[in-house]
Structures are given as structure tokens and as C-alpha cells.
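# Survey of secondary and tertiary structure
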Amino acid sequence: LKEAELQKMQNEVLQEQVKQLKAMVSEVRDCMRLFPVPAREPERMVVLNQGDFLRLSPTESAFGVLQSITKEASLKWQILSLVNFIGGNTQFTAAGYMPSSSDKDAYPTSPGGALESDQLAVDLCGLTTPRKTSQCQHVIAREKELVYRGAENGPEFADPPKLMAASKVDPVLASFLEQMQSNQNPLSHARGDSGKEKALEIALSYLKAFEAAPETRFYAGVPIRVDGAVIGSFCIFGPRAPKGFGQSDLAEMRRMAGQAAAALEAQLEEKRREAAAAFLQEEERERKKKEKKKARNKKNRKKKGKK
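Numbering of residues begins from 1 in every chain and follows the order in which that chain's sequence is written. The predicted origin of the model limits local features to residues at a pLDDT of at least 70 and limits the giving and counting of side-chain atom pairs to 80 or more, whereas totals for whole chains, interfaces and linings rest on all residues. As a rule here, side-chain values cover all heavy atoms of the structure and leave hydrogens and water aside.

### Examining the side chain of Gln135
- In this text, helices come from DSSP runs of H or I with a minimum length of four residues, and strands from runs of E with a minimum of two, each type numbered from the N-terminal end. Within the secondary structure, Gln135 sits in the loop between strand S3 (127-130) and helix H6 (136-142).
- What makes two residues a contact is simply this: any of their non-hydrogen atoms within 4.5 Å. Once residues within four sequence positions are removed from consideration, Gln135 is found in contact with Leu146, Tyr148, Phe157, Phe210 and Tyr219.

Encoded structure:
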């Protein structure tokens, strides 16, 4: 099953890459650097699909572990913490936790009114953003950790004209930019925005504070490897670095990413067992249908013979 799915995914990924490169190459000459695609993209997508990770919800077996990790990180470093997966043109937040909304410096433009952090963490599960605007795309493409302080020390990101050019072949990015231009919140939720408006507004405010601090902004992301493929990133980021963040903190992030990977590995195996059982059940149904059809045909032939 996996080999057949991998072959199909390799064809789909190759076709999509060729399509996007042809459309962007004249206007975004450095598109491969700005929008990197991992060498093992098909393998990643097979794991993401088989584990159902791009639709992970708070009811899934791995979610509790992911939420616990992001909460621990956010409280430890007083900064936004996320587990992000990337598939197709979308970045999907599987779990997230934000500092207390009383921390005015973390997101100074956030709307009035507090939102319980535990509820916000659940609401952030399912947050979707364009892949091409993501910090984590670089962690996943490089398959190694990324840490930087100040925009000039981080990876290069596409400017608005290049994003507009890329949006011609990326409907997720096109919708995001269209909503920005209309002064609407461009962030969305995989399970619908209803009831999550406050969380989305606070998340947007935090991202704006991050973008508004090019000299001090901070990002640290480590890869999450499942079944040999880097499917996502465990990251923390904000308008400024946590005080004294160093190698020991990065080692702690690696430990947390390992916990996330273990929980996701367990969910992947569970989903694969379910898929295998469903496949066998379908095969058995088909076998019985054929046997019944064969028996009917035999019976009909006997009736004809008697006549």
C-alpha cells in the first residue's frame, strides 16, 4: 500500500512543482530559495496523509501530547509555541500555546478582553496559513533546526510583489493576500472560523507584532521526524528572544520535539492498522460479492439447462 501511495504522490508532487516553477520562474527567479521544497516531499506527504496529520483535531490520540509540549514551551520561554505541519500549499498548526494575554509586550495591539490560554491553545489547533509565508517551511526543507534573532540573520522571505506573482499558481496564498488587501483577518481555521474569531484576532495581532520588530524578532524551530520523514516543525517565535536563550534551551526544544515525534509515530501506526483492517474488510466484501455472483450465474445456467 505504501509503495503504491508513494509512487502516486511522487507523480502528483512532480507535476505540481513543474506547474508552479513554470508559472513563477519569469517573475520570481529565486523561487526555489524563497519557497523551498524538500527533496523527500513525496515521502513526507505519504506520512502526513497516512497519519491524517493535516486534519489533526483535539480528539486525536497525539493531540494531548502536542498541546502539553507547546504549553510547557510557552510558559517556560514566555513566547508563542507551535507545532506546524506543511502539506501542499498550506501550513497547518496541529497545536499551539500563547503567553498570557496580560503580557502587553508580547502582542501590544491585541484586542481588548482576555481569552483563557487553555482555550486559545485548542483554538489554535487547526489554524491554517499559506506555506509560502511560513518560517517553518525552511526548517522542513533543510531538515535541520533554524534559530535567528533579527530579520537580517534569518532566511530570505518573499517581498509583496513576489508573493503576488506566486499567488497566481497558489490559491491558498491568493486568498490570504486578497483578504489582507480587504483589511480582513487572513488567518483561517481548518474546522471553520465560527466561535474562534477572538483567537484568530489575537493570533493575527501577535504575528503583526512579530513582523513589526525586524531588528529584534526571534524564531527557533526544530524538525519533527516521523517514520524517517520531516513532516513538521516545533517552533517558538515572537517580537523578541526569550532572555538568555542558548544551546541548553535548544537542546530542551529537541527533547520536546522528540516527544512530539513519538506521539505522532504512535498515531501513524494506529491509523495504518485501521487502514489495513479497512482494506482487508473491503477485500473480503468484494470476495463474497464475487462468490454470490458466481453462485447466481451457476444457478441460472442450471435452470436454462433444465429448460
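### Observations concerning the pairing of strand S6 (residues 218-226)
- Judged by how many residues are buried, S6 sits mostly within the fold: 7 of 9 residues are covered.
- Strand pairing requires that DSSP identify at least two bridges connecting the strands. Bridging between strand S4 (residues 146-149) and S6 involves 4 bridges; their strand directions are antiparallel. Considered in S6, the bridge of Tyr148 is made with Tyr219.
- Note that S6 and strand S7 (residues 229-238) share 9 bridges and pair antiparallel. Bridge pairing in S7 links Tyr219 to Phe237.
- What sits between S6 and S7 in their antiparallel hairpin is a turn of 2 residues, with Asp227 showing a positive phi close to 55°. Three labels apply to residues, based on accessible area from a 1.4 Å probe with only protein chains included: buried if under 20% of the type maximum, exposed if over 50%, partly exposed otherwise in between.

### Thoughts on the sheet that holds S6
- One open sheet accounts for 7 strands, arranged S4-S6-S7-S1-S2-S3-S5; its pairing is antiparallel. Of all strands in the sheet, those bounded by a partner on one side alone are S4 and strand S5 (188-189).
- Every axis in this analysis is a line fitted to C-alpha atoms, fitted for helices over the stretch in contact. Angles between the N-to-C directions lie between 0 and 180 degrees. Across the sheet, helix H4 (residues 63-77) touches strand S1 (80-87), strand S2 (90-97) and S7, and the angle it forms with S2 is around 70°.

### Regarding the packing of aromatic side chains
- We call Phe, Tyr and Trp rings a pair once their centres come within 6.5 Å, taking the six-membered ring for Trp, and we label the pair stacked below 30 degrees between planes, edge-to-face above 60, and tilted otherwise. What the rule picks out here adds up to 7 aromatic pairs.
- Here Tyr206 and Phe237 contribute two aromatic rings whose centre-to-centre distance is 6.2 Å and whose plane-to-plane angle is 80°, an arrangement assigned as edge-to-face. On the criterion of sequence distance, the pair formed by Tyr206 in helix H9 (residues 197-211) and Phe237 in strand S7 is long-range, its members being 31 residues apart. Neither Tyr206 nor Phe237 differs from the other in exposure class; each is buried.
- Summarising the aromatic geometry, the rings of Phe218 and Phe245 are spaced 5.1 Å apart at their centres and angled 65° between planes, so their arrangement reads as edge-to-face. You can see Phe218 sitting in strand S6 and its partner Phe245 sitting in the loop between S7 and helix H10 (247-306), a full 27 residues away along the chain. For the residue pair Phe218 and Phe245, the accessibility class agrees, reading buried in each case.
- Taken together, the ring pairs in this structure connect Tyr148, Tyr206, Phe210, Tyr219 and Phe237 into an aromatic cluster.
- Lysine and arginine charges are scored as sitting over a ring when NZ or CZ, respectively, is within 6 Å of the ring centre and within 35 degrees of the ring normal. One cation-aromatic arrangement involves Lys132 over Phe35; the distance from NZ or CZ to the ring centre is 5.7 Å.
- The aromatic ring of Phe210 is capped on one face by Arg217, whose charged end is 5.1 Å from the ring centroid.

### Here we look at the nonpolar core
- In this structure, Phe53, Leu56, Phe234 and Leu264 are the most contacted members of the largest nonpolar core, which totals 74 residues.
- The greatest single-element share of this core, amounting to 9 residues, is contributed by H10. Put simply, buried Ala, Val, Leu, Ile, Met, Phe, Trp, Tyr and Cys residues joined by side-chain atoms within 4.5 Å make one nonpolar core.

### Examining the pairing of S3
- Neither face of S3 is exposed, since Leu127 and Thr129 on one face and Thr128 and Pro130 on the opposite face are all buried.
- Here 3 bridges tie S2 to S3, and the two strands are oriented antiparallel to one another. Looking across to S3, one finds that Thr90 is bridged to Pro130.
- Where S3 lies against S5, 2 bridges are found, and the strand directions are antiparallel. Within S5, the position partnered with Thr128 by the bridge is Ser188.

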